[in-house]
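# A look at the structure
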Amino acid sequence: MSRLVVLASVAVLAGAGLTGQAVAQPPAGGGMCAKQPLSWVAVCADDKTTKGGSPGSASSGGKTDKGEGKAPVPEPCVVMKMDPQPPAGSALWEGHDPGGGAVYTRFCPEGMAAATAAGAIGLGYEEFWSATEPAAAAVDPRVLAQQAVDKMLLTGPDIDINPRPGGRGLVGMPVWMAADPSPTTWGPNTASATAGAVTVTATAKVSRVVWSMGDGTSVTCHGPGSVYKTSYGLRKSPTCGHVYTDPSSTVASGRFRVTATATWAIDWQVDGGGEAGQLTEVRTSAVALTIAESQALNS
């Protein structure tokens, strides 16, 4: 038998105005709660879980990638032997003799949401008895690599374009596109994530930007581009540019929506050697440009 529980010292709960009897009541709709001695308090959720590690264990989605529509990334679970062990006769022993095994807790960050939804107080744990010490859960370095990337707070390009948004450009005149570099908008950006004895370090940098110009054309640039200066006059950008052949009045909004989509190339490696790999992230920024016919601008 296994239950999703919350373990806390009586002193902490008492400070919040709660007693062991109060917090040991099952939630509405039933469930299982173990009445513990004064050294332990158990708060239980509906007993719909199965033993730890089975496909039916209660869980919720892990972190998502800032609204990018990516699948949740579960965080590693940690299994620990209770110290001290519950007293003999505690329901946590599930009827077993304390000499024949031990009681363990498995903490999964993704389980916190399940505990909260069940009305539990504190952090969600799955407690279980085992005759032998469970093997430590293997740490997936790819999961840690994604967690490191999440810490970077990567964004779309910081667009620096000429003509400026809010102004007017002309049909046939060169447009200069650039992305002002910073750690979060261009890189390089480095972060690490750790679980147990494993630490993964990841480094991210933009490999290319695809500029969708709003007129049905796109331009791929493999660098940040060149920032326009008035001294350049009517010269074309040597690194990342475009020339409109139609005015923006040809689109319903009256302005061309320019979208810059950056592809982040990410290298990661387990610290101290070992497994390594690559990840790819995509981030987008956009501005709107007004492009006019030269005669219309001069009239």
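Since the structure is predicted, the reported quantities are computational estimates derived from the model, not experimental observations.

On to the overall build of the protein. Per the secondary structure count, the protein includes 5 helices and 14 strands. Looking at the protein as a whole, 38% of its 299 residues are labelled buried. The contacts in the protein between residues at least 6 apart in sequence include a share of 67% that link residues at least 24 apart. Accessible surface, the protein: about 15500 Å² in total, of which carbon and sulfur atoms supply 55%.

Our next topic: the sheet that holds strand E6 (residues 159-162). Within the open sheet, the 3 strands sit side by side as E6-E8-E12. Their pairing is antiparallel. The open sheet terminates on both sides in strands that have one partner only, identified here as E6 and strand E12 (241-243). Recorded for the sheet is a direction-independent mean angle of 20° between the axes of neighbouring strands.

Ranked by size, the top nonpolar core spans 38 residues in total, and within it Ile161, Met177, Trp211, Tyr244 and Val258 carry the most contacts. Residue assignment for this core shows that the elements contributing at least two residues are helix H4 (141-152), E6, strand E8 (174-179), strand E9 (189-195), strand E10 (198-212), strand E11 (218-221), strand E13 (256-270) and strand E14 (276-292). Among the elements that take part in this core, E13 stands out by supplying 8 residues, more than any other. The contacts of Met177, once residues within four sequence positions are left out, are Asp160, Ile161, Trp211, Met213, Val219, Pro224, Gly225, Ser226, Cys240, Gly241 and His242. Listed in part, the 5 residues of the second largest apolar core include Met82, Leu92, Val103 and Trp129.

As a further point, take the confidence of the model for the protein. Across the protein, the average pLDDT comes to 75, with 66% of residues at or above 70. Summarising per-element confidence for the protein, the mean pLDDT is lowest in helix H2 (residues 20-23) (31) and highest in E11 (98). The low-confidence segment residues 1-69 (pLDDT under 50) makes 138 contacts with residues lying over four places distant or belonging to another chain.

Right, let's get into the packing of aromatic side chains. Per the stated rule, a full pass over the model turns up 5 aromatic pairs. Ring centres 6.1 Å apart and planes at 80° place the aromatic pair Tyr228 and Tyr232 in the edge-to-face group. The partly exposed category is assigned to Tyr232, whose relative accessible area is 24%. A centroid spacing of 4.7 Å and a plane angle of 5° characterise the contact between Tyr244 and Phe256, whose relative ring orientation is stacked. With a gap of 12 residues between them, Tyr244 in the loop between E12 and E13 and Phe256 in strand E13 connect regions that are remote in the sequence. For Tyr244, a relative accessible area of 1% corresponds to the buried category.

Moving on to H4. Over its 12 residues, H4 runs 17 Å from end to end, which matches the ideal 16 Å to within 8%, given 1.5 Å per residue. Burial of H4 is extensive: 10 of the 12 residues sit out of reach of the surface. When H4 is considered as a whole, its buried residues turn out to be Pro141, Val143, Leu144, Ala145, Gln146, Gln147, Ala148, Val149, Asp150 and Met152. Next to the buried residues of H4 lie E9, E10, E13 and E14. Two or three places before Arg142, at the opening of H4, Asp140 has a side-chain oxygen 3.0 Å from that residue's backbone nitrogen. Where H4 terminates, the next one or two residues include Leu153, which has phi positive at roughly 55°.

The next thing to look at is the pairing of strand E4 (residues 102-107). Burial of E4 is extensive: 6 of the 6 residues sit out of reach of the surface. Judged by which residues are buried, E4 turns out to be covered on both faces: Ala102, Tyr104 and Arg106 on one side and Val103, Thr105 and Phe107 on the other are all buried. Here strand E3 (residues 78-81) runs beside E4; their pairing, made up of 4 bridges, is antiparallel. Paired with Lys81 across the two strands is Tyr104, which belongs to E4.

Let us look at unusual backbone geometry. In this chain, Asp83 is followed by Pro84 through a cis amide linkage whose omega measures 5°. Position of Pro84 relative to the elements: it lies in the loop between E3 and E4. Residue Pro188 follows Gly187 across a cis peptide bond; omega there is 0°. Mapping Pro188 onto the fold places it in the loop between E8 and E9. Although it is not a glycine, Glu94 adopts a positive phi angle of roughly 55°. Structurally, Glu94 can be placed in the loop between E3 and E4. Here the phi dihedral of Leu153 falls at roughly 55°; this positive angle occurs in a residue that is not glycine.

Within the element layout of this structure, Gln269 appears in strand E13. On the accessibility criterion, Gln269 (40% relative accessible area) is partly exposed. As for Gln269 and Pro141, which are separated by 128 residues in sequence, their C-alpha atoms are 8.2 Å apart.

Parameters at a glance
- Residues numbered from 1 in each chain as written.
- Predicted model: local features only at pLDDT ≥ 70, side-chain atom pairs only at ≥ 80, totals over all residues.
- Heavy atoms only, no water.
- Helix = DSSP H or I, 4+ residues; strand = E, 2+ residues; numbered from the N terminus.
- Buried < 20%, exposed > 50% of the residue type's maximum accessible area, 1.4 Å probe, protein only.
- Contact = heavy atoms within 4.5 Å.
- Areas by Shrake-Rupley, 256 points an atom, 1.4 Å probe, with all protein chains shown as cover.
- Pairing = 2+ DSSP bridges.
- Axes fitted to C-alpha atoms, helices over the stretch in contact; angles between N-to-C directions.
- Core = buried A, V, L, I, M, F, W, Y, C linked by side-chain atoms within 4.5 Å.
- pLDDT = per-residue confidence, 0-100.
- Phe/Tyr/Trp six-rings, centres within 6.5 Å; stacked < 30°, edge-to-face > 60°.
- Expected span 1.5 Å × (residues − 1).
- Polar contact = N/O pair within 3.5 Å; in protein donor to acceptor, adjacent residues only side chain to side chain.

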